[in-house]
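# Commentary on secondary and tertiary structure
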Amino acid sequence: MHFSTPDYVIFALLLVASTCIGLFYALSGGRQRTTQEFLLADRSMSCLPVSLSLLATFQSAVAILGAPSEIYTYGTQYWFLGVSYFLGLLIPAHVFIPVFYRLRLTSAYEYLELRFNKTVRIMGTVTFIFQMTINDWCGVNVVYVVTGFDLWGAVLAMGLVCTLYTTLGGLKAVIWTDVFQTIVMFAGQLAVIIVGAHQAGGMGEVWRKAINGSRIASLDLNPDPTERHTFWTLGVGGVFLMLALYGVNQAQVQRYLSSRTEREAVMSCYVVFPCQQVVLCLGCLMGLVMFARYGEDSPLDKGYVKTNDQMVLYFVMDVFRDLPGLPGLFVACLFSGALSTISSAFNSLATVTMEDLIKPYCPAMTEAKATRLSKGLAFAYGLVCLAMAYAASHMGSVLQAALSIFGMVGGPLLGLFCLGMFFPWANSTGAIVGLVAGLVMAFWIGIGHFVSRMTVPTTLPPIINGTAMPLPGNMTTAVMTTLIASITAKPKPTGVQALYNLSYLWYSAHNSTTVVIVGLIVSLLTGPMKEKDLIPGTVYPVLGNLLFFLPECYREILCCVTPLPHKPKAIDTQPYQMAQKESNGVSHPKEEEKTEETEREKDEDEETATPQPSCRLAHTLQETAL
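What comes next concerns the included structure.

Cut-offs used in this document
- Residues numbered from 1 in each chain as written.
- Predicted model: local features only at pLDDT ≥ 70, side-chain atom pairs only at ≥ 80, totals over all residues.
- Heavy atoms only, no water.
- Helix = DSSP H or I, 4+ residues; strand = E, 2+ residues; numbered from the N terminus.
- Buried < 20%, exposed > 50% of the residue type's maximum accessible area, 1.4 Å probe, protein only.
- Contact = heavy atoms within 4.5 Å.
- Areas by Shrake-Rupley, 256 points an atom, 1.4 Å probe, with all protein chains shown as cover.
- Phe/Tyr/Trp six-rings, centres within 6.5 Å; stacked < 30°, edge-to-face > 60°.
- Salt bridge = Lys/Arg side-chain N within 4 Å of Asp/Glu carboxyl O.
- Axes fitted to C-alpha atoms, helices over the stretch in contact; angles between N-to-C directions.
- Parallel < 35°, antiparallel > 145°, perpendicular 65-115°, else oblique.
- Left-handed = near helix turned anticlockwise from the far one by under 90°.
- Nonpolar A, V, L, I, M, F, W, Y, C, P; charged D, E, K, R; others polar.

Scanning the protein chain from terminus to terminus reveals 24 helices and zero strands. Counting every position in the protein chain, which comprises 626 residues, the buried fraction comes to 60%. Sequence-distant contacts, at least 24 apart, represent 85% of the contacts inside the protein chain between residues at least 6 apart. Entry remark: accessible area of the protein chain is about 23,900 Å², with carbon and sulfur atoms responsible for 67%.

Under the counting rule described, the total for this entry stands at 17 aromatic pairs. Where F24 meets Y25, the ring centres are 5.0 Å apart and the plane angle is 85°; that geometry is what we call edge-to-face. Residue Y25 is classed as buried on the basis of its relative accessible area of 16%. An angle of 80° between the planes, with centres 5.9 Å apart, marks the rings of F100 and Y111 as edge-to-face.

With that settled, consider the pattern of salt bridges. Counted according to the given criterion, the structure contains ten salt bridges. Of the charged contacts in the structure, one is a salt bridge between R260 and E264, with a shortest N-O distance of 3.1 Å.

It is worth spelling out the packing of helix α5 (residues 84-102) against helix α10 (residues 231-246) at this point. Where α5 contacts α10, the two axes come as close as 7 Å, and the packing angle between them is 40°. On the basis of their axis angle, the class for α5 and α10 is oblique. For the crossing formed where α5 meets α10, the hand is right-handed. Where α5 approaches α10, its residues S84, Y85, L87, G88, L89, I91, P92 and F96 are matched on the opposing element by L234, G235, G238, V239, M242, L243 and Y246. A breakdown of the residues in the contact of α5 with α10 according to their chemical character gives eleven nonpolar, four polar and no charged.

Take the environment of G325 next. When you line up the elements, G325 lands in the loop between α13 (309-319) and α14 (326-358). Classification of G325 by relative accessible area gives buried; the value is 5%. Note: C-alpha distance between G325 and I10 (315 residues apart in sequence) is 6.8 Å. Discounting chain neighbours no more than four positions away, the residues touching G325 are S4, P6, D7 and I10.

Once that is clear, we can look at the packing of helix α11 (residues 250-257) against α14. For the pair α11 and α14, interaxial distance at closest approach is 9 Å and the crossing angle is 80°. Here α11 is positioned roughly perpendicular relative to α14, judged by the angle of their axes. Touching Q250, A251, Q254 and R255 of α11 are S344, N347, S348, T351 and V352, all from α14. Broken down by class, the residue content of the contact of α11 with α14 amounts to two nonpolar, six polar and one charged.

Purely spatial values, then, with no claim about function.
Below is the structure:
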C-alpha cells in the first residue's frame, strides 16, 4: 500500500486530534483527580456521546473490513443480523441497565459479589481481563496485517496514542474520542461507497450486477444449527452475541454507568439501535459495490492480495487511485475502529482491576492514591498491549487460536450474570461450577473445531464454511475472514462432530445456557439461596413477569424456591450505601461524597416520579426485590 503526502497528513491529524481530546479533559474540569471522574466521567455524560461511544466500540476495524468482504463473497444473508439488534438492545435497556445503575456500581463484577460472594466476583473479573487482553492483542495486528504498515509503526502509533489519552483524560476522554472516531468511520465508509458506486455506473447498476451475480440473498429459514448463516442463527443466535456485548461487558456497562441519569443510560440504547442499522447497511453496500467492480474475478483469486481481510483495502486503494487524501481517510477510518476498541479495553481493564482486585483488599487507600493507581493501571495495560502485539506477529497460527478464544469467553460471562439476576435460588457454589462448566464447554468446542479443521485435506479449495471461528473486537462481524471448507459435498456431521460444527453465532447461546443449567442444578443440590441471604436489588423477576397470567401460587413455584417478599420501600438509599460498602470494601465518610450521594438520590426520586422507559421496572423491583 502506497500513501501520498495528503494521505499521511490526514492519518496524522486523526492521531493528533485524539491526543488533543485526552489532553483537554486532563487539564479541564476536575482534572481527573478522583476515581469517580477518571473511571466514570463523574457520572455526567449525556445520551448522545454515550450512544456514539457504544457504537464506536461495536464498530471495530474487524467490522469495517469483515462485513464488506462477507457480502462480496457470500451475499447479503449477513444483513439479517440486524434483526437481533432489537432484542439485543431492548433487553439491556430494561433489564441490565436498571439493576446495575440503581446499585451504583463502578465495575459490573461488583454485582457478582453482591449477588453471590467475593470468589465469584474475582473469577468473573479474571475471565474478563483475559478476554479483553486478547482483544487488545489482536486489535493492532488486524490493522497491521491489512495495511502492511511497518509493525512497530502501527503498534506505536495506535498503542501510544490510546495509552496517552486514556491515561490522561480518563473515561470522558475515551467517550469523546469515540464520538470523533465514529464520525471519521462514517466519513471513510461513505466516501468509498459514493466514489465506488459512481465509478461502477450508479447504485442501480450496482444492484443489477448484484442480482445477476446471486449476491442478493433470500430469507433462509433452515433450522439446522450447523449452518453458518440462516435467519435463525443470525436473528436468534445473534441476540445472545448482542447481550454478551451490550448487556454485561464492562466496557459497555461502564458507559451506561457514566450517564447522568438512568433515563439517559436507557435512551443511549435506543439511540444506538438505528445507528447500528446504518452501520450494517454501509458494510453491505460497500460489499455490493466491490462485487459490481470485480464480479467473480476476485483480487484474492488473481493473487493481488493474500487474505480476504486485504480485499477491502485493495478495493479502496483501487477506487481512490487518482484521489489523493481519500486513501488516508479510509485508513484513518480503520485506525479509528481499532483506537475506539482498544481505548475502551484499557479503561475497562483499569476499572475492574482497581475496583475488583485492589480496593477490596486496601480499604484504607486514599482517593488521591487510588486515582494515581488507576491511571498507572491504564498506562500499564497500554504497555502490555504493545509488547503482546509485537510478540503476536511472530506466532503464526497461534494468533488464529487466540482470536478464537476471544469469542468463547463472552457466553459464559453472560450466563453467569443471567444466573444471578433471573434465578433467585442460584447460590455461589452453583455460580462457580456453572462458570467453570461454561468455560470448559466453550474451550472444548473451540479447540475441537480448530483440531478438526487442521485434519481437513489441504488439496481441497476453500469455500463457505458454516462454522468458522470468530475474530475479536466485534463479536457480531468477527468471523468474516476465517472461512474454510470443502467444495465437495460432505455427509452431515453427527455426535461430537456436530457439536464441533456448530455455527459460531450459537456459541454464546450454547455456552451461556450451559452456565445457567449447570448452575441451577448445582444450586438445588447444594441448597438453594434463601430469601434472607439476598441483597435487595440484585434479582430481576423476569420469570414472574413472563408468567403473569398464572395464579400466584404457581408463579411462586416456577419462579423461585423462596420467593422474595413485597417491600415497597424507597429504592434509592440503603441499597446504594450497602452496595458501595460491601463491593468496594470501604465506607465513604467524607461530607463531599455524602452530599454528592444525596443529590443523586434526589435525581432518582425525580425520575421515578415521571414517566420513563424504565418506570415499570422500578415498580416491579420495589415490589419484589428492593
